[in-house]
Amino acid sequence: RKEVEQDPGPFNVPEGATVAFNCTYSNSASQSFFWYRQDCRKEPKLLMSVYSSGNEDGRFTAQLNRASQYISLLIRDSKLSDSATYLCVVNNNSNYQLIWGAGTKLIIKP
Amino acid sequence: NAGVTQTPKFQVLKTGQSMTLQCAQDMNHNSMYWYRQDPGMGLRLIYYSASEGTTDKGEVPNGYNVSRLNKREFSLRLESAAPSQTSVYFCASSDSGGPYEQYFGPGTRLTVT
């Protein structure tokens, strides 16, 4: 089993719709969680950190479920510019290494 | 601030050739990393440097060496390139105080023929 698993997609979603991704992780000791965004042929960029209480940043909401060991990302009122690959990332605080999912590709259609 | 910079952006090597990928950051971060990214796979850590003067192997270190030249610079060397090393290479840095959010350079696209 991969340490961090994501549905690779692609998710084809009409503009204005709400879309949600899940990501599961295998290490129950994991402490830090992130969503990164990667545009085609570009570097990953931090979208948001995921806190135990959940957090929201504009149209984006991230949730953590420790009992089931998954994190989620919800995008509301999706824009064409949201088209990208979303990477789920986990750190277990035992060293400096981040464990990366392979990403979920999102395509927003007009 | 430029953030994290990498050179070169593109490179084509023949099998057996060597090269060094350069990375520099101007964010005063203590920790730096080298990753490779292949289609359909997550980023895989090659080497990292938790602080100036230290380096450690990551998940896929074979065929690579690194040098943490100073706090700003972290280079990756391929001594004898192989086609399996065709990939996109990203350098990243982070503030070692946690929670380990990493900031990336634009990447180097390497093809080994």
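Residues numbered from 1 in each chain as written. Chains lettered and ligands numbered in written order. Predicted model: local features only at pLDDT ≥ 70, side-chain atom pairs only at ≥ 80, totals over all residues. Heavy atoms only, no water.

## Quick look at the overall build of chain A
Put simply, the rule reads: Put simply, DSSP marks the helices as runs of H or I at least four residues long and the strands as runs of E at least two long, and each gets a number from the N terminus on. We take the radius of gyration over the C-alpha atoms and set the globule estimate at 2.2 Å times the residue count to the 0.38 power. Whether a residue is buried, partly exposed or exposed follows from its accessible area with a 1.4 Å probe, protein chains only, as a fraction of its type maximum: under 20%, in between, or over 50%, in that order.
In terms of helices and strands, chain A carries zero helices and eleven strands. The order of α-helices and β-strands along chain A, N terminus first, is β-β-β-β-β-β-β-β-β-β-β. In terms of overall size, chain A behaves like a compact globule, its C-alpha atoms giving a radius of gyration of 13 Å where 110 residues would be expected to give roughly 13 Å. Dimensions of chain A, computed from C-alpha atoms along their principal axes, come out at roughly 45 × 30 × 20 Å. Across the 110 residues in chain A, those meeting the buried criterion constitute 45%.

## Considerations on the interface of chain A and chain B
Applicable threshold: Two residues form a contact once any of their heavy atoms are found within 4.5 Å. Summed over both partners, buried area is the accessible surface (1.4 Å probe) that two parts give up on being assembled. When a carboxyl oxygen of Asp or Glu is within 4 Å of a side-chain nitrogen of Lys or Arg, the pair counts as a salt bridge. Here a polar contact is taken to be a pair of N or O atoms separated by no more than 3.5 Å, where protein atoms must pair a possible hydrogen donor with a possible acceptor and residues adjacent in sequence count only if both atoms sit in side chains.
Contact residues are listed per partner, giving 19 residues for chain A and 24 residues for chain B. Across the chain A to chain B interface the summed buried area is about 1,800 Å²; carbon plus sulfur atoms make up 57%. Applying the counting criterion to the chain A and chain B interface returns zero salt bridges. Joining chain A to chain B, the criterion identifies four residue pairs in polar contact (both at pLDDT 80 or more).

## Focus on the sheet that holds strand β3 (residues 19-25) of chain B
Working definition: the strands of a sheet are paired by backbone hydrogen bonds and lie parallel or antiparallel to each other. All names here are of chain B. Formally: A pair of strands is treated as paired once DSSP finds two or more bridges between them. The axes used here are C-alpha line fits, helices contributing only the stretch in contact, and every angle between their N-to-C directions lies in the interval 0 to 180 degrees.
Strand order in this open sheet of four strands is β1-β3-β8-β7, and the pairing throughout is antiparallel. A single partner strand is all that each edge strand has here, and the edge strands are β1 (4-7) and β7 (64-68). Mean inter-strand twist for the sheet, computed between neighbouring axes without regard to direction, equals 20°.

## Details of the environment of Ala20 of chain A
Residues and elements named next belong to chain A. With respect to the secondary-structure elements, Ala20 resides in strand β3 (residues 19-25). The class of Ala20 is partly exposed, set by a relative accessible area of 45%. For the pair formed by Ala20 and Phe60, sequence separation is 40 residues and the distance between their alpha carbons is 9.8 Å. Not counting residues within four places of it along the chain, the set of residues in contact with Ala20 comprises Phe11, Leu73 and Leu74.

## Regarding the sheet that holds strand β8 (residues 70-75) of chain A
Residues and elements named next belong to chain A. As summarised here, the arrangement of the five strands in space is β1-β3-β8-β7-β6, forming an open sheet in which the pairing is antiparallel. Each edge of the open sheet carries a strand with a single partner, namely β1 (4-6) and β6 (55-57). The average undirected angle you get between the axes of adjacent strands in this sheet is 20°. The sheet contact formed by β3 and β8 spans six bridges and is antiparallel. The partner of Cys23 across the bridge, within β8, is Ile71.

## With respect to the pairing of β7 of chain B
Residue and element names in this part refer to chain B. Of the two faces of β7, the one lined by Tyr64, Val66 and Arg68 is fully buried and the one lined by Asn65 and Ser67 carries no buried residue. Across five bridges, the pairing between β7 and strand β8 (residues 74-78) is antiparallel. By the bridge assignment for β8, Val66 is matched with Leu76.

## Points about the pattern of salt bridges
Per the counting criterion, the structure on display carries seven salt bridges over all chains. A salt bridge links Arg59 of chain A to Asp82 of chain A, with the shortest nitrogen-to-oxygen separation between them at 2.8 Å. One end of the pair, Arg59 of chain A, is in the loop between β6 and β7 (60-65); the other, Asp82 of chain A, is in the loop between β8 and β9 (84-91), with 23 residues separating them in the sequence. With a relative accessible area of 2%, Asp82 of chain A lands in the buried category. The residue Glu79 of chain B makes a salt bridge to Arg77 of chain B at a minimum N-O spacing of 3.2 Å. Looking at Glu79 of chain B, the relative accessible area reads 41%, which means it is partly exposed.

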